[in-house]
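Single-letter residue listing:
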Amino acid sequence: MINKEKYDNIEIPSQLDDVAKEAIARASQVKRHRHFPMGAVSAVAACLVFFVLCNVPSVAASMEKVPVLGTIVQILRVGDGGVTTDGVESSVSAVNGSVRIDFTQDGVLESNVPHFEVVKESTPHRLIITLNGVREFSFANTAEEFKKLPFVRDVYKITYLDDSGFCFAVELNQDADYLVSEYKDPGYIELTLTEKQNPGVKDVYIVRTAEMNMGEGIAALCETLGVEPSSIAKTQSGKYCIASKPYDSEAQANAELANWKALCNEDAAPFVESLKNDQNPK
Amino acid sequence: MQTVSYNDEFIDKLTPIQPRLYKIAFCYVKNEADALDIVSHAIYRAYLAYPDLKKREYFTTWIIRIVINESISLLRKRSKIIPMEEHEAAITTYGMPNLAPRMDLYDALDRLSPIDRSYIILKYFEGLTFREIATATGKSENTVKTKIYRILKVLKAELNDMEVYSYD
């Protein structure tokens, strides 16, 4: 009994058609106001940037490592992108204050990037990057290149219960802004970290599990708790725990703790910890 | 003339699947106003992005993906501003150790993370194939299979009397 009837019987509101028409009308109005084709604007901008960059000797030298400039697909601060792939190899290189992740198959650059996701967490401040449809991934190379970026103090692999993907965390020594750009033809991801204006440090409360080793156990516990692998944080002693989002009050954290206690076994022993939002759990 | 044909083509593809899009959105938010809001935003975005859709035969899975993204985005925004009373009610239900033994999969959606909900809705309610779900979610087919298997395993542990396994 999966009760598909409940789904089939969801009542369709009579105003659905009007809502759809209104959305199309709004979008077509925006479309009409676009005087220039976006492709042409992007091409002109890309040429201009390329011309300027090529005339700065230090930048030109670093760009020798970059085989081809792709077309930008999207810029995001949080979220996902890319297309479905399988069996892709990735390689990471730090170029001019950014990190670039390239993707190849049989030695040929892929035209699109595989599906990826970037999540930002705190306690401590970190970015969690997940690459799907990637079989070959050198963690040593990734960690080495990411550590060349400002603000990066640690990089660690997160066990991902899917053999066609990889997940890793980039831990920051302070809160920082970041920008992820997705390119195609060839497909690559570029990540830049910049200083955050007024990075506020505040007291917060988290619900967390006991310390554990990184492995399938902690990854499976994430699923039991219904949280993403991005919730895995490194502790001050170098082990790992699952940590909730930070709460401003202890009461909120205690309410969430009741949840976790109902779902965790004794080994996980969840509890509430008070810490600064830029600190690793104890 | 080009605008007219573009517009007509989009509407022709959209109209028959509008109720499906609404139902998917509704499964996330379980209320009419928010579901309509999600559909409206998704259609708006889809209309603007339609010229870039190279494989028009994937229109349905493509726009479903937009609806899912809009739904997850709304839930994430909501989770930041959720009123305390509502929050407590939600977690009390979620954390109950003694689950209703005959809870069905439709109700069980509320127990899943927004991302996990997508897989169950698409597989068991929308009847999409693993390949179609892979296209809609941007994951590989193997990832989709693994993910659905794990979600069902977790639900099985929680929901004693749910007959989902005949659908495997």
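See the structure shown above.
What counts, and where the lines are drawn
- The numbering scheme is per chain: residues are counted from 1 as the chain's sequence reads.
- Written order determines the labels here, with chains lettered from A and ligands numbered from 1.
- Restriction of local features to residues with pLDDT of at least 70 applies here, the model being predicted, together with a cutoff of 80 or more for giving and counting side-chain atom pairs; totals for whole chains, interfaces and linings are based on all residues.
- Hydrogens and water are ignored here; the side-chain numbers use all heavy atoms of the structure.
- Runs of E in the DSSP output that reach at least two residues are strands. Runs of H or I that reach at least four are helices, and both are numbered from the N terminus.
- Only heavy atoms enter the contact rule, under which two residues are in contact if any of them lie within 4.5 Å.
- Computed by Shrake-Rupley with a 1.4 Å probe, the accessible areas treat only the displayed protein chains as cover when residues are assessed.
- Using a 1.4 Å probe, buried area is obtained as the accessible area two parts lose upon being combined, added over both of them.
- What makes a salt bridge here is a side-chain nitrogen of Lys or Arg within 4 Å of a carboxyl oxygen of Asp or Glu, nothing more.
- N or O atoms within 3.5 Å of each other form a polar contact, as long as, within protein, one can give a hydrogen and the other can take it, and as long as residues adjacent in sequence are counted only when both atoms are side-chain atoms.
- Put simply, Ala, Val, Leu, Ile, Met, Phe, Trp, Tyr, Cys and Pro go in the nonpolar bin, Asp, Glu, Lys and Arg in the charged bin, and everything else, Gly too, in the polar bin.
- A simple rule labels every residue: compare its accessible area, found with a 1.4 Å probe on the protein chains alone, to the largest value its type can have, and call it buried under 20%, exposed over 50%, or partly exposed in between.
- A pair of strands is considered paired only if DSSP assigns at least 2 bridges between the two.
- Lines fitted to the C-alpha atoms define the axes, with helices restricted to the stretch that makes contact. Angles between their N-to-C directions range from 0 to 180 degrees.
- Take the buried residues of types Ala, Val, Leu, Ile, Met, Phe, Trp, Tyr and Cys, join any two whose side-chain atoms come within 4.5 Å, and each joined set is a nonpolar core.
- Pairs of cysteine sulfur atoms within 2.5 Å are identified as disulfides in what follows.
- The scheme is simple: roughly parallel for angles under 35 degrees, roughly antiparallel for over 145, roughly perpendicular for 65 to 115, oblique for anything else.
- Left-handed describes a crossing whose near helix is turned anticlockwise from the far helix through less than a right angle; right-handed describes the clockwise counterpart.
- An expected span of 1.5 Å times one less than the residue number is assigned to each helix.

Asks: I'm lost on the overall build of chain A in this one. Help?
Replies: Tallying secondary structure elements over chain A gives seven helices and 16 strands in all. Partitioning the contacts of chain A with sequence separation of at least 6, the portion at a separation of at least 24 is 69%. Working note: accessible area of chain A is about 13700 Å², and carbon and sulfur atoms make up 52% of it.

Asks: Just checking my understanding: could you explain unusual backbone geometry for this structure?
Replies: In terms of backbone geometry, most residues other than glycine have negative phi values and most peptide bonds are trans. With an omega dihedral of -5 degrees, the bond running from Thr 123 of chain A to Pro 124 of chain A counts as a cis peptide bond. Mapped onto the elements, Pro 124 of chain A comes out in the loop between strand 6 (116-121) and strand 7 (126-132). Non-glycine residue Thr 123 of chain A carries a positive phi angle of around 50 degrees. Position of Thr 123 of chain A among the secondary structure elements: in the loop between strand 6 and strand 7. Even without a glycine there, the phi angle at Lys 30 of chain B is positive, about 55 degrees. Assignment of secondary structure puts Lys 30 of chain B in the loop between helix 2 (18-29) and helix 3 (32-49).

Asks: How should the interface of chain A and chain B be read in this particular structure?
Replies: Between chain A and chain B, the residue contacts involve 52 residues of the former and 57 residues of the latter. Summing both partners gives a buried area of about 4700 Å² for chain A against chain B, and 59% of it is carried by carbon and sulfur. The interface formed by chain A and chain B holds one salt bridge in total. Across the pair Lys 6 of chain A and Asp 107 of chain B runs a salt bridge whose closest N-O atoms are separated by 2.9 Å. Along the contact surface separating chain A from chain B lie seven residue pairs in polar contact (both at pLDDT 80 or more). Of all the secondary structure elements, the ones that give two or more residues to the side of chain A that touches chain B are helix 1 (4-8), helix 2 (16-32), helix 6 (216-225) and helix 7 (250-263) of chain A. Residues belonging to the side of chain A that touches chain B are distributed by class as follows: 21 nonpolar, 13 polar and 18 charged.

Asks: Explanation requested: the pattern of salt bridges in the structure shown.
Replies: Opposite charge on two side chains permits pairing when their charged atoms draw close. Residue and element names in this part refer to chain A. Summed over all chains, the structure comprises 18 salt bridges over all chains. Between Lys 120 and Asp 175 there is a salt bridge, with its nearest N and O atoms 2.7 Å apart. Here the residue Lys 120 occupies a position in strand 6, and Asp 175 occupies one in the loop between strand 10 (165-172) and strand 11 (176-184), the gap between them amounting to 55 residues. The exposure class assigned to Asp 175 is buried, which follows from its relative accessible area of 10%. In this structure, Asp 203 and Lys 276 form a salt bridge, with 2.9 Å as the shortest nitrogen-oxygen distance. Here Asp 203, found in strand 13 (residues 203-208), pairs with Lys 276, found in strand 16 (residues 271-276); they are 73 residues apart in sequence, far enough to count as distant. Exposure remark for Asp 203: the relative accessible area of 48% places this residue in the partly exposed category. On the basis of relative accessibility, which here comes to 34%, the residue Lys 276 falls in the partly exposed class. Linked through salt bridges whose partners overlap, the residues forming this network are Lys 120, Asp 175 and Lys 196.

Asks: What is the right way to read the sheet that holds strand 7 of chain A from this model?
Replies: Strand pairing in a sheet relies on backbone hydrogen bonds, with the paired strands running either antiparallel or parallel. Residue and element names in this part refer to chain A. The strand order across the open sheet formed by five strands is 2-6-7-10-9, and the pairing between neighbours is antiparallel. Unpaired on one side and paired on the other, strand 2 (79-81) and strand 9 (152-158) mark the two borders of the sheet. Each neighbouring strand pair of the sheet contributes to a mean axis angle of 15 degrees, computed without reference to strand direction. With six bridges connecting them, strand 6 and strand 7 associate as antiparallel partners. The residue of strand 7 that forms the bridge with Val 119 is Ile 128.

Asks: Help me understand the nonpolar core in this model?
Replies: In a soluble, globular protein the nonpolar side chains are often hidden away together inside. Core analysis: the largest hydrophobic core is formed by 63 residues, its most contacted members being Phe 10, Leu 14, Ile 24 and Phe 59 of chain B. Listed in part, the 31 residues of the second largest apolar core include Leu 76, Ala 94, Val 118 and Leu 131 of chain A.

Asks: Looking at this structure, how should I read the state of the cysteines?
Replies: A covalent bond between the sulfur atoms of two cysteines is what we call a disulfide. Residues and elements named next belong to chain A. Scanning all chains against the criterion turns up zero disulfides over all chains. Free cysteine: Cys 222, not disulfide-bonded; nearest cysteine sulfur from Cys 167 at 9.3 Å. Take Cys 241: it sits in no disulfide, and the sulfur closest to it among the cysteines is that of Cys 222, at 10.0 Å. Residue Cys 241 is classed as buried on the basis of its relative accessible area, which comes to 0%.

Asks: Explain the side chain of Glu 110 of chain A here, please?
Replies: Take Glu 110 of chain A: it is sitting in the loop between strand 5 (108-109) and strand 6. Not counting the four nearest positions on each side in its chain, Glu 110 of chain A is found in contact with Thr 85, Val 88, Phe 103, Thr 104, Gln 105, Pro 186 and Gly 187 of chain A.

Asks: Whenever I open this one, the pairing of strand 7 of chain A confuses me. Can you help?
Replies: Taken residue by residue, a regular strand's side chains alternate between the two faces of the sheet. Residues and elements named next belong to chain A. In terms of residue burial, strand 7 counts as a mostly covered element, since seven of its seven residues are buried. Of the two faces of strand 7, the one lined by Arg 126, Ile 128, Thr 130 and Asn 132 and the one lined by Leu 127, Ile 129 and Leu 131 are each fully buried. What sits between strand 6 and strand 7 in their antiparallel hairpin is a turn of four residues, with Thr 123 showing a positive phi close to 50 degrees. Pairing of strand 7 with strand 10, which is carried by seven bridges, proceeds in the antiparallel orientation. The residue bridging Leu 131 from the neighbouring strand is Phe 166, located in strand 10.

Asks: Looking at this structure, how should I read the packing of helix 2 of chain B against helix 7 (residues 114-125) of chain B?
Replies: Relative placement of two packed helices is described by the angle separating their axes and the distance separating the axes. All names here are of chain B. Close contact between helix 2 and helix 7 brings their axes to 10 Å; oriented N to C, the two are set at 140 degrees. Comparing the axis directions of helix 2 and helix 7 gives the class oblique. Crossing of helix 2 against helix 7: the hand is right-handed. Counting all contacts with helix 2, which are made through Ile 24, Cys 27 and Tyr 28, the residues of helix 7 involved are Pro 114, Arg 117, Ser 118, Ile 121 and Leu 122. Each residue belonging to the contact of helix 2 with helix 7 can be placed in one class, and the counts come to six nonpolar, one polar and one charged.

Asks: Even after reading the chapter, I still don't get helix 2 of chain B, so can you show me in this structure?
Replies: Helical geometry: 3.6 residues make up each α-helical turn, so side chains three or four residues apart lie on a common side. All names here are of chain B. With twelve residues, helix 2 ought to run about 16 Å at 1.5 Å a step, and its terminal C-alpha atoms sit 17 Å apart, in line with that. Among the twelve residues of helix 2, ten are classified as buried, and the element is accordingly described as predominantly covered. Looking at helix 2, one finds that the buried residues are Gln 18, Leu 21, Tyr 22, Lys 23, Ile 24, Ala 25, Phe 26, Cys 27, Tyr 28 and Val 29. At the C-terminal side of helix 2, Lys 30 shows a positive phi close to 55 degrees.

Nothing here speaks to function; it is geometry throughout.
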